[in-house]
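Given next are the chains, with one letter for each unit.
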Amino acid sequence: LFPGVRQAQWLTKTKLVEGLPPAVQGIVDNPALGLQELEERAKHAVSHARLWDTAQVAPRREQYCPVLFENLIHICRLMSGKYPSLSKRMLARNCRIAATWERESILLQVRGLSGILMNSMTPIPPVASKEEVLATKEHVLETFYPIAPTIDLQEVNVYKELNDTGQCFGDGYPYSHPHTLFFLESANVRTNRFRPEQLRAKMLMFAFGNALAKAKALHGDDPKVLEQPVVVQSIGTDGQLFQFMVFQLNTTDLVSNDGVKNLVWIDSDQNLYEKAQCVPEVKKRVVTKPAGISGFQPDTFKKFLALYLHGTV
């Protein structure tokens, strides 16, 4: 998506709200939860991924980005001792999503691998009240006239309109509710990675696709405003810079620009740390910059953990 999030908003009939929703920000800001107690572990997780988990002088992004993700997820799982319901989660990899909808007489589909998907036995409660949802009727979606909002989308022949929450899930799968999508932009060559704006657009499209497929599985294909909105979160990272997103599907009536809109909260471009000095810098036999991690940002780690805890805390 060349225009990024703005185009994704139009395609998904979504209103953007900057920052995290109060339900998630409240977890970040609540000292009683003891998130700060895990900060030192998070620092070690960064050091392990960037400095220690390699025999190379400096690890490549394709190596340290997945390692950092696994380390952070491990820290999140430590909270299950305090909150046993966190054990009712499952990470699924290489799952495919398919979702189909109509937008101003244009048939659209999201299909493909939807990152690493964390599923839950129970859905995330709505983060916007019914009053806030109804207020979206007044929101005017941005247009791109005279440019078509589908300008850079791939055009294909559609022989079957699919709405599938994941080919790796069968009937009766207990972890049936999508919770959080994780996208790792770990390509070592910059040109092979999504830029932050395009990554956020990808995150929005796949969060929407998972929510729409789930809503249709629960409520059928008839377009409607949902009594119980579907919430799906998304986190994207290149191993240093993080993007956080919470998406709430309020309606499957997507053809026109009128009526209730969907909602997305985005917290953009959050560094987990400023720099990883893999090799000490030496000048005239004096170490001027020792090896190590500098500029660790505990709030970014807390946001990662808060999205993991959301729906349980």
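These figures come from a predicted structure and were not determined experimentally.

Would you mind going over the state of the cysteines with me for this structure?
Note on terminology: a disulfide is the covalent bond linking the sulfur atoms of two cysteines. Here the structure, examined in full by the defined rule, presents zero disulfides. Residue Cys65 stays outside any disulfide, its sulfur separated by 14 Å from that of Cys278, the closest cysteine.

Looking at this model, I keep getting lost on the nonpolar core. Mind explaining?
Within soluble globular proteins, side chains that are nonpolar generally end up buried alongside one another. Leu72, Phe182, Leu272, Phe301, Phe304 and Leu309 are the most contacted members of the largest nonpolar core, which totals 49 residues. Within the residue set of this core, elements represented by two or more residues are helix 2 (22-29), helix 3 (39-52), helix 4 (61-77), strand 5 (116-120), strand 7 (225-237), strand 8 (241-251), strand 9 (262-271) and helix 7 (298-309). It is helix 4 that contributes the most residues to this core, eight residues altogether. With residues near it in sequence (within four places) discarded, Phe304 still touches Phe69, Leu72, Ile73, Cys76, Phe182, Ile235, Phe242 and Phe244.

Just checking my understanding: could you explain the side chain of Thr136 for this structure?
Tracing the chain through its elements places Thr136 in the loop between helix 5 (130-135) and strand 6 (177-184). For Thr136, a relative accessible area of 1% translates into the label buried. Only 3.0 Å separates the side chain of Thr136 from the backbone nitrogen of Lys261, close enough to count as a polar contact. Ignoring sequence-local partners within four residues, the contact set of Thr136 consists of Lys15, Gly259, Val260, Lys261 and Leu263.

Got a minute to help me understand the pairing of strand 7 in this structure?
Residues in a regular strand point their side chains to alternate faces of the sheet. The buried fraction of strand 7 amounts to 10 of the 13 residues, a majority that puts the element mostly inside the structure. Handedness of the crossover joining strand 6 and strand 7 through helix 6 (residues 196-219) is recorded here as right-handed. In terms of strand pairing, strand 7 meets strand 8 through nine bridges, oriented antiparallel. Directly across from Thr237, in strand 8, lies its bridge partner Phe242. The hairpin turn running from strand 7 into strand 8, its antiparallel successor, is three residues long, and Gly239 in that turn takes a positive phi close to 100°.

Any chance you could explain the environment of Asn257 here in plain terms?
Its place among the elements puts Asn257 in the loop between strand 8 and strand 9. Sequence-distant contacts of Asn257, defined by excluding residues within four places in its chain, comprise Trp10, Lys13, Arg103, Glu104 and Leu141. Here the side chain of Asn257 touches Glu104 through a polar contact of 3.0 Å, side chain to side chain.

I tried to follow the pattern of salt bridges on my own but got confused; where do I start?
Working definition: two side chains of opposite charge can pair if their charged atoms are close together. Under the definition given, this model contains 10 salt bridges. Between Glu62 and Arg60 there is a salt bridge whose closest N-O contact spans 3.1 Å. A relative accessible area of 44% places Glu62 in the partly exposed class. Take Arg60: its relative accessible area is 39%, and that puts it in the partly exposed class. With a shortest N-O distance of 2.8 Å, Arg200 and Glu197 are connected by a salt bridge. With Arg200 and Glu197 both in helix 6, this residue pair falls three residues apart, about one helical turn. Overlapping salt bridges bring together Glu197, Arg200 and Asp269 as one network.

Just checking my understanding: could you explain the environment of Asn210 for this structure?
In this structure, Asn210 sits in helix 6. What makes Asn210 buried here is its relative accessible area of 2%. With 30 residues separating them along the chain, Asn210 and Thr180 place their C-alpha atoms 9.9 Å apart. Polar contacts involving the side chain of Asn210 include one to the main-chain carbonyl oxygen of Phe206, which spans 2.8 Å.

Conventions we followed
Residues numbered from 1 in each chain as written. Predicted model: local features only at pLDDT ≥ 70, side-chain atom pairs only at ≥ 80, totals over all residues. Heavy atoms only, no water. Disulfide = S-S within 2.5 Å. Core = buried A, V, L, I, M, F, W, Y, C linked by side-chain atoms within 4.5 Å. Buried < 20%, exposed > 50% of the residue type's maximum accessible area, 1.4 Å probe, protein only. Helix = DSSP H or I, 4+ residues; strand = E, 2+ residues; numbered from the N terminus. Contact = heavy atoms within 4.5 Å. Polar contact = N/O pair within 3.5 Å; in protein donor to acceptor, adjacent residues only side chain to side chain. Right-handed = clockwise from strand over helix to strand, strands pointing away. Pairing = 2+ DSSP bridges. Salt bridge = Lys/Arg side-chain N within 4 Å of Asp/Glu carboxyl O.

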